[in-house]
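Residues per chain, in single letters:
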Amino acid sequence: MKLRSGGRGGGYSPLRGMWEAFQRAVWAGGWPTIVLDRLPSATRVSAVRHDLALGRAGGRPALRLAFVSDLHIGPLTPPRLLDAAFAQLDAFAADVLVLGGDYVFLEATAKSAERLRGLVARVAAPIKIAVMGNHDLWTDDALLERALAGGGARVVVNDAVRLPPPHDDVALVCVDEPWTGQPDGARAFGRAGDAPVRIAVAHAPEAIPHVAGRGAQLMLCGHTHGGQVALPSGPVVVYGPMGRRFPFGLREVAGMKLFVSRGLGNVDLPLRAYASPDVSLFTIT
């Protein structure tokens, strides 16, 4: 039984280790994925599209940015769902692919890392940027970073990436995982230089305090799963104060637009209800 984090992430308790050991036993062999792969309702992904005017200078072409989070490759996420999601991401023909973390559930293995590499490599976006999630930092995060790099994605931690022309007015500002990492918003935004358009990326809405007031027009995150199990009226349980306030969707928060993805995969239960998996395309003008 694992009693401490297997990666650089904090906040991993012996109780968490016991819970994960129990789940490894219950979901042994990944039998839920075999069942879920046969259910069309469990392998369907929603394509969310938003057109956003973020104050870019006139004459520049629209920036097409695709976003996906919470793959949770493991015993509870059906492979056909992931295949459909990444086929849709490729079909978006985006300029930039942004990956929002939590790539695995339970342990990262050579098999799950190769699966991640293959999925990311399928998307033909010329620029791919990734942040890490809490589940990633509790396991062999270095293995996952190598897989992401193998798929063409750059992992960015408390840093910013200025896009090349004709989108060089835009910087993607990536803040470390707020639950288990070491988020440093001041450092990340300080690396954005004089970029007039700043798009913040973090795994969870708990990064809002590290982003707010630093000039971001848009923040992208996931983590919440939209509750994963919800009622028509809304999520039943979402962890964290920010997640409970902002469980999914696009809204105005702290002077910026905040988008929270429901993500793709499952944790703890092989089930989603009224929280359909999603991938997103933002057309930014």
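Read on for a plain summary of the structure. Here the residue numbering is sequential within each chain, running from 1 through the sequence in written order. Confidence filtering applies because this is a predicted model: local features only for residues at pLDDT of at least 70, side-chain atom pairs given and counted only at 80 or more, and all residues used for totals across whole chains, interfaces and linings. As a convention, hydrogens and water are excluded, and side-chain values are obtained from all of the structure's heavy atoms.

## Brief notes about the side chain of Lys 2
Logical step 1: In this fold, Lys 2 is placed in the segment before α1 (14–26).
Logical step 2: Here Lys 2 falls in the buried class, since its relative accessible area comes to 17%.
Logical step 3: Pairs of N or O atoms are called polar contacts if they sit within 3.5 Å, as long as, within protein, a hydrogen donor faces a hydrogen acceptor (for residues adjacent in sequence, only side-chain-to-side-chain pairs). A distance of 2.5 Å separates the side chain of Lys 2 from the side chain of Glu 107, its partner in a polar contact.
Logical step 4: Within the structure, Lys 2 has its side chain in polar contact with the backbone oxygen of Trp 138 (distance 2.8 Å).
Logical step 5: For Lys 2, the residues in contact, after removing those within four places along its chain, are Tyr 12, Gly 17, Glu 20, Arg 24, Glu 107, Trp 138 and Thr 139. Starting at the N terminus, helices and strands are each numbered in turn, a helix being any DSSP run of H or I of at least four residues and a strand any DSSP run of E of at least two. Between buried and exposed lies partly exposed: a residue is buried under 20% and exposed over 50% of the maximum accessible area for its type, with that area taken using a 1.4 Å probe on protein chains only. The contact rule is simple, with two residues in contact once any of their heavy atoms fall within 4.5 Å.

## Concerning the packing of helix α4 (residues 110–122) against helix α6 (residues 141–150)
Logical step 1: Contact geometry of α4 with α6 gives a least axis separation of 7 Å together with a crossing angle of 30°. For the element pair α4 / α6, the angle class is roughly parallel. Between α4 and α6 lies a crossing whose hand is right-handed. Mapping the contact onto sequence places Ala 110, Ala 113, Leu 116, Arg 117 and Val 120 in α4 and Leu 143, Leu 144, Ala 147, Leu 148 and Gly 150 in α6.
Logical step 2: Of the residues assigned to the contact of α4 with α6, the class counts are eight nonpolar, one polar and one charged. Throughout, an axis means a line fitted to C-alpha atoms (over the contacting stretch in the case of helices), and angles, computed between N-to-C directions, take values from 0 to 180 degrees. Working rule for angles: under 35 degrees goes down as roughly parallel, over 145 as roughly antiparallel, 65 to 115 as roughly perpendicular, anything else as oblique. Whether a crossing is left-handed or right-handed is set by the direction in which the near helix is turned from the far one by less than a right angle, anticlockwise for left-handed and clockwise for right-handed. Basically, the charged four are Asp, Glu, Lys and Arg, the nonpolar ten are Ala, Val, Leu, Ile, Met, Phe, Trp, Tyr, Cys and Pro, and anything else, Gly included, counts as polar.

## Side note on the nonpolar core
Logical step 1: Residues belong to one nonpolar core when they are buried, are Ala, Val, Leu, Ile, Met, Phe, Trp, Tyr or Cys, and are joined through side-chain atoms within 4.5 Å. Grouped together as the largest cluster of nonpolar side chains are 34 residues, with contacts concentrated most on Leu 71, Phe 86 and Leu 99.
Logical step 2: Put simply, the parts of the chain that give this core at least two residues each are β2 (63–68), α3 (79–91), β3 (96–99), α4, α6 and β14 (278–284).
Logical step 3: No other element matches the five residues that α3 contributes to this core.
Logical step 4: Residues within four places of Phe 86 in sequence aside, it is in contact with Val 68, Leu 71, Leu 99, Leu 119, Val 120, Val 123 and Leu 264.
Logical step 5: Counting residues in each nonpolar core, the second largest holds 24 residues, with Leu 163, Val 201, Leu 220 and Ile 284 among its members.

## Observations concerning the sheet that holds strand β6 (residues 159–162)
Two orientations exist for strands paired in a sheet by backbone hydrogen bonds: parallel and antiparallel.
Logical step 1: Note on pairing: two strands pair once DSSP finds at least 2 bridges between them. Taken together, the six strands give an open sheet; going across it, the order is β6-β7-β8-β9-β13-β12, and neighbouring strands pair in mixed fashion. Two strands lie at the open edges of the sheet, namely β6 and β12 (249–253), each paired on one side alone. When strand polarity is set aside, the average angle formed by the axes of neighbouring strands in this sheet is 20°.
Logical step 2: In this structure, strand β8 (residues 197–201) lies alongside strand β9 (residues 218–221), joined through three bridges in parallel fashion. The partner of Ala 200 across the bridge, within β9, is Met 219.

## A few points about α4
Logical step 1: For α4, spanning 13 residues, the distance from its first C-alpha to its last is 19 Å, which sits close to the expected 18 Å at 1.5 Å a residue.
Logical step 2: On the buried face of α4, the contacting elements are α3, β3, β4 (127–130) and α6. Given the number of residues in a helix, its expected span is that number minus one, multiplied by 1.5 Å.

## Regarding unusual backbone geometry
Logical step 1: Following Pro 165, the chain continues to Pro 166 via a peptide bond in cis, the omega torsion being 10°.
Logical step 2: Its identity as a non-glycine residue notwithstanding, Leu 106 has a phi of 65°, on the positive side.
Logical step 3: Following the sequence through the fold, Leu 106 ends up in the loop between β3 and α4.
Logical step 4: A positive phi angle, close to 65°, is found at Gln 228, a residue other than glycine.

## A short note on the packing of aromatic side chains
Logical step 1: Centres within 6.5 Å are what make two rings of Phe, Tyr or Trp a pair, Trp counting through its six-membered ring; a difference in plane orientation under 30 degrees is then read as stacked, over 60 as edge-to-face, and the rest as tilted. Tallying each qualifying case throughout the model produces five aromatic pairs.
Logical step 2: Aromatic pair Trp 27 and Trp 31: ring centres 5.7 Å apart, planes at 50°, arrangement tilted.
Logical step 3: The interplanar angle of 80° and the centroid separation of 6.4 Å between the aromatic rings of Phe 67 and Phe 259 together place this pair among those described as edge-to-face. With Phe 67 in strand β2 and Phe 259 in strand β13 (residues 256–260), this residue pair connects regions lying 192 residues apart in the sequence. Each member of the pair, Phe 67 as well as Phe 259, carries the same accessibility label: buried.
Logical step 4: The rings of Phe 67, Phe 259 and Phe 282 are connected pair by pair, giving a single aromatic cluster.
Logical step 5: Directly above the ring of Phe 248 sits Arg 262, whose terminal nitrogen or CZ lies 4.0 Å from the centroid. Two limits define a charge over a ring: the Lys NZ or Arg CZ must be within 6 Å of the ring centre, and within 35 degrees of the ring normal.

## Thoughts on the pattern of salt bridges
Logical step 1: Each salt bridge in this description consists of a side-chain nitrogen of Lys or Arg and a carboxyl oxygen of Asp or Glu lying within 4 Å of one another. Under the counting rule described, the total for this entry stands at 13 salt bridges.
Logical step 2: In this structure, Arg 16 and Glu 20 form a salt bridge, with 3.1 Å as the shortest nitrogen-oxygen distance. Pair noted here: Arg 16 and Glu 20 are both in helix α1, with a separation of four residues, about one helical turn. No difference in accessibility class separates Arg 16 from Glu 20, as the two residues are buried.

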